[in-house]
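Summary of the model geometry
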Amino acid sequence: MRYLPGRCLLRQILKKRRLTQRWLADIVDMPETQISDYINNRTKMGYATAATIAFALGVHAEELYEWEKDDRLGE
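Now for a look at the structure at hand. (Residues numbered from 1 in each chain as written. Predicted model: local features only at pLDDT ≥ 70, side-chain atom pairs only at ≥ 80, totals over all residues. Heavy atoms only, no water.)

For the protein, the count of helices and strands is four helices and two strands. Order of helices (α) and strands (β) in the protein, N terminus to C terminus: β-α-α-α-α-β. Projecting the C-alpha coordinates of the protein onto the three principal axes gives extents of approximately 40 × 20 × 20 Å. Residue burial in the protein is summarised as follows: out of 75 residues, 35% are buried. (Helix = DSSP H or I, 4+ residues; strand = E, 2+ residues; numbered from the N terminus. Buried < 20%, exposed > 50% of the residue type's maximum accessible area, 1.4 Å probe, protein only.)

Now for unusual backbone geometry. Backbone geometry places Arg-18, a non-glycine residue, at a positive phi of 60°. Among the secondary structure elements, Arg-18 is positioned in the loop between α1 (10-17) and α2 (21-28). For Asp-29, which is not a glycine, the phi torsion comes out positive at approximately 55°. Within the secondary structure, Asp-29 is located in the loop between α2 and α3 (32-39).

It is worth spelling out a nonpolar patch on the surface at this point. Side chains of Met-1, Tyr-3 and Trp-67 sit close together on the surface and give an oily, nonpolar patch of about 390 Å² of accessible area. By secondary structure assignment, the location of Trp-67 is in strand β2 (residues 65-70). Judged by its relative accessible area of 40%, Trp-67 is partly exposed. (Patch = residues over 30% accessible without salt bridge, like charges linked within 9 Å, V, L, I, M, F, W, Y side chains within 5 Å. Areas by Shrake-Rupley, 256 points an atom, 1.4 Å probe, with all protein chains shown as cover. Salt bridge = Lys/Arg side-chain N within 4 Å of Asp/Glu carboxyl O.)

Counting residues in hydrophobic clusters, the biggest one holds 21 residues, and the most contacted among them are Leu-10, Leu-24, Ile-35, Met-45, Ile-53, Leu-57 and Leu-64. Elements supplying a minimum of two residues to this core: α1, α2, α3 and α4 (47-57). With four residues, the single largest contributor to this core is α4. Not counting residues up to four positions away in its chain, the partners in contact with Leu-24 are Leu-10, Leu-14, Ile-35, Ile-53, Ala-56 and Leu-57. (Core = buried A, V, L, I, M, F, W, Y, C linked by side-chain atoms within 4.5 Å. Contact = heavy atoms within 4.5 Å.)

As structure tokens, this is what we get:
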């Protein structure tokens with residue numbers, strides 16, 4: 001069994017901390033459009049990007065997504 005990233009939780013994390021996408025983009029040196037793509041689930045972060053964002057926010061990379069169990073066998 002494995003787990004797959006589901007919905008991105010960046011929007012909720014930023015809102016709870018009263019931070020903006022622009023702030024995060026500046027801190028991690030990424031285009032704001034890229035942050036928006038993650039927040040709106042248009043694309044998933046690679047591990048290095050997730051770790052960079054997680055360090056900036058003081059969370060674990062796993063906290064940036066909801067996680068879904070993948071019960072498919074043989075894949």
